[in-house]
Amino acid sequence: MRKHVILLILAVLWSVVAVSNASAAYCGAVSYKTCGCDDAGSYGVAKQRCYTLMKRCREVVYEKQQYTCYKKVYETVCEPKTINCVKYVPETRYRECKTTVCKPVYETKYRTCKYTVCKPVWETKTKKVCYTVCKPVYETRTKKICYTVCKPVWETKTKKRCYTVCKPVYTTCSKDICYTVCKPVYETKQRTVNYSVCKPVWETKTKKVCYTVCKPVWETKTKTLHYSVCKPVYETRYRTVTCQTRKPVHYTKTIKVCSGHWETRICKRPDRVIKKRIRGIACSGAPGCSCCCFTECVIPGRTICRKVWVPEICEKTVDCVRYVKECVQKKVPYTICRYVREPRTKTCTYRCCRMVPEKRVKTCTYKVCRMVKECKTKVCNYTVCRMMPEKRVKTVTYKVCKMVPEKRVETCTYRVCKMVPEKRVKTCTYKVCKMVPEKRVKTCTYRVCRIVRECHTKQVPYRCCKMVAETCVKKIPYTVCKPVHYTKTISVPKRICKKVPITVTRCVPKVICKKVPVTVCCPLPCFKRRLGCQCN
């Protein structure tokens with residue numbers, strides 16, 4: 001494939017070079033460039049001198065070529081084969097098995113056990129208890145009670161009553177009952193039982209087994225992968241953002257200010273009169289002494305200067321600032337990352353594994369089991385029980401009771417009571433109880449319990465188990481597989497290798513030479529003698 005691409009590129013380059021060299025006509029004597037003449041009709045003359053040339057060029061052409069190759073095809077064919085088979089039918093048989101059973105025999109024994117008993121010891125003590133008793137003091141009082149008494153007045157009456165009585169009359173009867181009793185009769189019999197046992201006979205055989213193994217064959221190949229890479233492209237954009245700012249606004253306002261000044265004031269205090277005590281010669285210094293005399297002294301007043309704050313309220317103009325909210329729009333730059341896909345190509349080398357089939361033969365050893373029949377005979381004893389019917393008769397005596405009705409009449413005497421009310425008065429004497437508290441002392445006797453530990457011994461019975469061996473015989477069922485031979489036909493798969501012809505088409509490159517028409521335009525050659533101008 002790469003060779004074909006290289007040939008195609010070389011053919012295109014060859015054709016481009018051939019066309020570019022067509023300008024050198026007349027072996028370089030004539031060129032397409034105009035002369036340096038000042039003749040106005042030179043362009044028209046050069047345009048009319050165009051002619052067609054047949055140029056030979058090469059072209060690569062791919063021809064389709066078909067060829068036949070052969071491919072191996074494996075086909076599976078089933079062949080019928082008759083084989084002998086053995087089918088085992090299960091058959092239940094019984095055998096006698098003697099087993100030894102360990103039978104437990106229990107024996108009672110005694111062991112001495114020591115234990116501790118906590119025995120209570122009672123002790124009598126006395127103590128004095130002070131208590132208060134409420135002593136009853138009874139006082140006798142009387143009162144009159146009015147009450148009504150119902151006095152009974154009895155009256156005797158008679159009446160006749162009819163009634164029926166059922167009188168039982170008993171009769172004795174008898175009857176015969178027939179019944180059948182089954183009496184068992186036992187009889188011992190013998191029978192001969194024929195049975196067959198299958199004995200396995202093993203036989204060793206060998207056979208050849210054909211199998212196919214796939215052998216790996218590694219092959220190195222190359223392939224071109226086209227993939228794309230995302231390349232980040234950063235772009236700066238602007239967006240408009242609205243934000244709030246606070247703008248200062250200046251204004252003035254008048255406020256009241258509390259101020260004042262200090263003033264000096266002169267005040268004069270009044271004169272004070274003070275009593276002064278003058279002691280005598282015989283004065284003892286007591287407060288109520290008559291020997292002392294009092295004299296009044298006058299203290300002149302003083303002039304005091306002091307400062308006093310005099311408050312004043314005055315108005316003052318103050319400069320103030322107030323902030324007003326204002327919305328401002330501004331452009332903020334931001335960066336956007338955009339991923340642009342960029343196609344790329346890389347060549348990868350990889351290994352391809354092809355499995356090639358290979359036939360092999362191995363010898364296998366196997367065992368065949370053949371069951372051989374063996375006949376045996378045994379005598380079995382069995383007991384047959386037959387129930388013999390026997391008829392019997394028994395006489396049963398029973399009583400029959402009949403109820404005979406009988407009418408009777410009786411005279412009943414009864415009393416009727418009438419209650420007559422009667423008012424009465426009675427004097428009741430009653431006692432009034434008053435509880436008078438009285439303190440008493442009594443001696444109480446109480447018992448104190450003290451626990452004393454005491455050791456005792458006792459005989460504790462326990463059971464000891466001893467296993468005694470005993471032989472038992474029981475019948476164990478077992479299953480014997482009985483072989484049954486039969487024939488069946490199976491399909492054996494077999495692989496056959498065939499060569500199948502396949503027609504494959506391939507492209508073969510071929511270089512063809514062909515003539516291509518090329519138009520060449522050339523002006524007249526400039527001659528100095530005719531035109532009188534200089535050619536470039």
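Residues numbered from 1 in each chain as written. Predicted model: local features only at pLDDT ≥ 70, side-chain atom pairs only at ≥ 80, totals over all residues. Heavy atoms only, no water.

1. A closer look at the overall build of the protein chain
Phase 1 of the analysis: On a plain count of helices and strands, the protein chain comes out with three helices and four strands.
Phase 2 of the analysis: Tracing the protein chain from N to C terminus, the helices and strands come up as α-α-β-β-β-β-α.
Phase 3 of the analysis: When burial is assessed residue by residue, the protein chain has 4% of its 536 residues classed as buried.
Phase 4 of the analysis: Taken as a whole, the protein chain presents about 47,900 Å² of accessible surface, with 55% of it coming from carbon and sulfur. (Helix = DSSP H or I, 4+ residues; strand = E, 2+ residues; numbered from the N terminus. Buried < 20%, exposed > 50% of the residue type's maximum accessible area, 1.4 Å probe, protein only. Areas by Shrake-Rupley, 256 points an atom, 1.4 Å probe, with all protein chains shown as cover.)

2. Some words on the pattern of salt bridges
Phase 1 of the analysis: For the structure shown, the criterion picks out 22 salt bridges.
Phase 2 of the analysis: Put simply, Glu75 and Lys498 hold a salt bridge, and the shortest N to O gap is 2.8 Å. You can see Glu75 sitting in strand E1 (residues 50–268) and its partner Lys498 sitting in strand E4 (residues 303–521), a full 423 residues away along the chain.
Phase 3 of the analysis: According to the relative accessible area criterion, Glu75 is partly exposed, its value standing at 34%.
Phase 4 of the analysis: Linked through salt bridges whose partners overlap, the residues forming this network are Lys135, Glu438 and Arg440. (Salt bridge = Lys/Arg side-chain N within 4 Å of Asp/Glu carboxyl O.)

3. Brief notes about the packing of aromatic side chains
Phase 1 of the analysis: A complete count under the given rule lists one aromatic pair for this structure.
Phase 2 of the analysis: Here Trp262 and Trp309 contribute two aromatic rings whose centre-to-centre distance is 5.2 Å and whose plane-to-plane angle is 65°, an arrangement assigned as edge-to-face. One end of the pair, Trp262, is in strand E1; the other, Trp309, is in strand E4, and 47 residues separate them in sequence.
Phase 3 of the analysis: Among the residues examined, Trp262 registers a relative accessible area of 55% and is labelled exposed.
Phase 4 of the analysis: The ring of Tyr147 carries the charged tip of Lys426 above its face, separated from the ring centre by 5.2 Å.
Phase 5 of the analysis: When the ring centre of Tyr138 is taken as reference, the NZ or CZ atom of Lys431 above it lies at 5.8 Å. (Phe/Tyr/Trp six-rings, centres within 6.5 Å; stacked < 30°, edge-to-face > 60°. Lys NZ or Arg CZ within 6 Å of the ring centre and 35° of its normal.)

4. Looking at the environment of Glu139
Phase 1 of the analysis: Within the element layout of this structure, Glu139 appears in strand E1.
Phase 2 of the analysis: Put simply, Glu139 and Lys434 are 295 residues apart on the chain and 8.1 Å apart in space, counted from C-alpha to C-alpha.

5. Quick notes on the side chain of Arg93
Phase 1 of the analysis: Structurally, Arg93 is set in strand E1.
Phase 2 of the analysis: Side chain to side chain, Arg93 and Glu91 meet in a polar contact 3.5 Å long.
Phase 3 of the analysis: Once residues lying within four places of it in the same chain are set aside, the contact partners of Arg93 are Ser196, Val197, Cys198, Ile476, Pro477, Tyr478 and Val480. (Polar contact = N/O pair within 3.5 Å; in protein donor to acceptor, adjacent residues only side chain to side chain. Contact = heavy atoms within 4.5 Å.)

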